[in-house]
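# Observations on chain architecture
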Amino acid sequence: MEILNSKIFGENLTATPLLVFHGLFGMLDNWGSFGKDLGEYLPVHLIDLRNHGRSFHSEGMSHDDLADDIARYMDHYGIQKAHVLGHSLGGKAVMQFAIKYPERVEKLIVVDISPKAYPPHHQGIIKALESVDFNTVGSRNDVEAVLSQYIPEKSTIQFLTKNLYWDENKKLNWRFNLKTLAEKYTEFVSNAVKFGVFEGDTLFIAGAKSNYILPQDEFGIKQQFPKAKVVTVKNAGHWVQAENPVDFADVVKEFLGLN
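For clarity, every value in this text was computed on a predicted model and none was experimentally measured. (Residues numbered from 1 in each chain as written. Predicted model: local features only at pLDDT ≥ 70, side-chain atom pairs only at ≥ 80, totals over all residues. Heavy atoms only, no water.)

### Some words on the overall build of the chain
Put simply, the test is: Under the DSSP-based scheme used, a helix requires at least four consecutive residues in state H or I and a strand at least two consecutive residues in state E, with every element numbered from the N terminus. Based on C-alpha atoms, the radius of gyration is set beside the globule rule, defined as 2.2 Å times the residue count to the power 0.38. Burial classification: accessible surface area is computed with a 1.4 Å probe over protein chains only, and a residue below 20% of its type maximum counts as buried, one above 50% as exposed, and the rest as partly exposed. Only heavy atoms matter for contacts: two residues are in contact if any of them lie within 4.5 Å across the pair. Areas reported here follow the Shrake-Rupley algorithm with a probe of radius 1.4 Å; residue values treat only the protein chains shown as occluding. Under the counting rule used here, the positive set is Lys and Arg, the negative set is Asp and Glu, and His together with the chain ends is not counted. By convention, charge coordinates are those of NZ in Lys, CZ in Arg, CG in Asp, or CD in Glu.
Scanning the chain from terminus to terminus reveals 11 helices and 9 strands. Taking 2.2 N^0.38 as the reference for a compact globule, 259 residues should give roughly 18 Å; the C-alpha atoms of the chain span a radius of gyration of 18 Å, in line with that estimate. If one aligns the C-alpha atoms of the chain with their principal axes, the spans along those axes are about 50 × 40 × 35 Å. Within the chain, buried positions represent 56% of all 259 residues. Taking as baseline every contact in the chain between residues at least 6 positions apart, the subset at least 24 positions apart corresponds to 74%. As displayed, the chain offers around 11,700 Å² of accessible surface, 48% of which is attributable to carbon and sulfur atoms. When the 27 basic and 32 acidic side-chain charges of the chain are each reduced to a single mean position, those positions are 1 Å apart.

Here you go:
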């Protein structure tokens with residue numbers, strides 16, 4: 001079985017490593033400055049989820065698939081136990097991992113997502129991505145022009161176009177596996193994390209301007225993660241680490257005892 005692609009900071013440090021997983025349509029590069037910062041204190045593995053970045057493409061995309069990928073990754077690098085951090089879809093992956101492999105998680109950090117099922121809400125983005133015809137677009141600007149017909153927010157378009165690359169046929173293409181992500185979308189977004197309990201130290205980080213973690217979600221969070229505390233980062237929406245990187249990093253460092 002293939003191993004997820006990663007970039008490692010602070011490789012020679014002996015502290016418990018931190019594994020970091022991005023969200024839907026993201027990639028490990030989105031976390032570069034965070035990885036560099038925390039890599040001063042402990043080994044930080046920035047990791048591409050399956051069907052994203054430079055990791056392998058697969059037809060499977062369930063939370064269980066993602067959790068098993070993490071276990072295989074740790075086996076490959078000889079990591080017995082790690083801190084795991086996941087944002088959004090990556091958050092669902094690390095929650096499922098902590099419930100399935102609790103003995104392998106030192107501390108769990110979940111960024112702006114709860115274990116519940118969410119109604120499908122990326123249809124517009126998927127439609128925009130599917131409407132790009134790589135036989136006719138010749139530049140990033142062409143792709144941006146197509147996306148802007150569907151997506152009003154410039155920041156979202158910039159986030160998505162980070163995934164463009166020139167393939168071996170000298171054509172632009174997406175790094176993520178759009179086919180599987182579109183087909184299996186409801187399986188990983190509209191499903192809750194399987195019921196189970198992780199008894200370890202857990203931190204949920206919410207963006208103050210985001211509605212992904214609502215006050216009424218705390219009950220469900222505590223049922224599966226009894227030791228969870230929820231911290232809200234001000235001046236940040238769903239992409240907490242990008243919108244308020246300083247406060248976000250401080251909250252993580254405090255939780256991991258790095259301050």
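### A look at the nonpolar core
Applicable threshold: Buried residues of nine kinds, namely Ala, Val, Leu, Ile, Met, Phe, Trp, Tyr and Cys, make up a nonpolar core once their side-chain atoms join them within 4.5 Å.
In this structure, Leu-19, Phe-25 and Trp-174 are the most contacted members of the largest nonpolar core, which totals 63 residues. Sorting elements by how many residues they give to this core places helix α3 (residues 89-100) first, with 7 residues. Those residues within four positions of Leu-19 in sequence are excluded, and the remaining contacts are His-45, Ile-47, Ile-70, Tyr-73, Met-74, Ile-79, Ala-82, His-83, Val-84 and Leu-85. Counting residues in hydrophobic clusters, the runner-up holds 25 residues, among them Leu-28, Trp-31, Val-44 and Val-233.

### Some words on helix α11 (residues 245-255)
Taken together, the buried positions of α11 are Phe-248, Ala-249, Val-251, Val-252, Lys-253 and Phe-255. Once α11 finishes, Gly-257 follows within two positions and takes phi at roughly 70°, a positive value.

### A word on the packing of aromatic side chains
Where we set the bar: In this analysis, rings of Phe, Tyr and Trp, with Trp reduced to its six-membered ring, are considered paired at centre separations within 6.5 Å, and the interplanar angle assigns stacked below 30 degrees, edge-to-face beyond 60, and tilted for intermediate values. Two conditions define a charge sitting above a ring: the NZ of Lys or the CZ of Arg must be within 6 Å of the ring centre, and it must be within 35 degrees of the ring normal.
A complete count under the given rule lists 12 aromatic pairs for this structure. Each ring, one from Phe-34 and one from Phe-248, has its centre 5.5 Å from the other, and the planes form 55°; the classification is tilted. Pair noted here: Phe-34 is in helix α1 (residues 32-38) and Phe-248 is in helix α11, with a separation of 214 residues, a long-range link. Phe-248 shares its class with Phe-34; the two are buried. Each residue in the set Phe-25, Phe-134, Trp-174 and Phe-176 is aromatic and connected to the rest through ring pairs, giving one cluster. When the ring centre of Phe-255 is taken as reference, the NZ or CZ atom of Lys-107 above it lies at 5.0 Å. Over the ring of Tyr-165 we find Arg-175; its NZ or CZ atom is 4.2 Å from the centre of that ring.

### Side note on the pattern of salt bridges
Which entries qualify depends on this criterion: A pairing counts as a salt bridge when a side-chain nitrogen of Lys or Arg comes within 4 Å of a carboxyl oxygen of Asp or Glu.
In this structure the tally under the stated criterion is 12 salt bridges. Here Glu-183 makes a salt bridge to Lys-179, at a shortest N to O gap of 3.1 Å. Residue Glu-183 and its partner Lys-179 are located together in helix α7 (residues 178-183), separated by 4 residues, close to a single helical turn. With its nearest N and O atoms 3.9 Å apart, the salt bridge here joins Lys-227 to Asp-201.

### Some details on helix α2 (residues 63-76)
Just so we agree on the cut-off: To estimate the expected span of a helix, subtract one from its residue number and multiply by 1.5 Å.
Here α2 contains 14 residues, and its C-alpha end-to-end distance of 20 Å stays within 8% of the 20 Å for a straight helix at 1.5 Å per residue. Among the 14 residues that make up α2, 10 are buried, leaving the element largely enclosed by the rest of the structure. Taken together, the buried positions of α2 are His-63, Asp-64, Leu-66, Ala-67, Asp-68, Asp-69, Ile-70, Ala-71, Tyr-73 and Met-74. As for α2, its buried residues are in contact with β1 (6-9), β2 (18-21), β3 (44-47), β4 (82-87), α3 and α8 (185-189). After α2 finishes, the residue Gly-78 shows a positive phi value of roughly 65°.

### Some thoughts on the sheet that holds β3
Inclusion rule: Strand pairing requires that DSSP identify at least two bridges connecting the strands. In this description, a line fitted to the C-alpha atoms serves as the axis of each element, helices being fitted only across the stretch in contact, and the angle between N-to-C directions of two axes falls anywhere from 0 to 180 degrees.
With mixed pairing, 7 strands are arranged side by side in an open sheet as β1-β3-β2-β4-β5-β8-β9. Looking at the sheet topology across the chains shown, the edges are occupied by β1 and β9 (228-233). Averaged over all neighbouring strand pairs, the angle between strand axes comes to 20°, with direction disregarded. The pairing of β1 with β3 spans 4 bridges and is antiparallel. In the strand pairing of β3, Lys-7 is matched with Leu-46.

Honestly, it's all geometry; don't read function into it.
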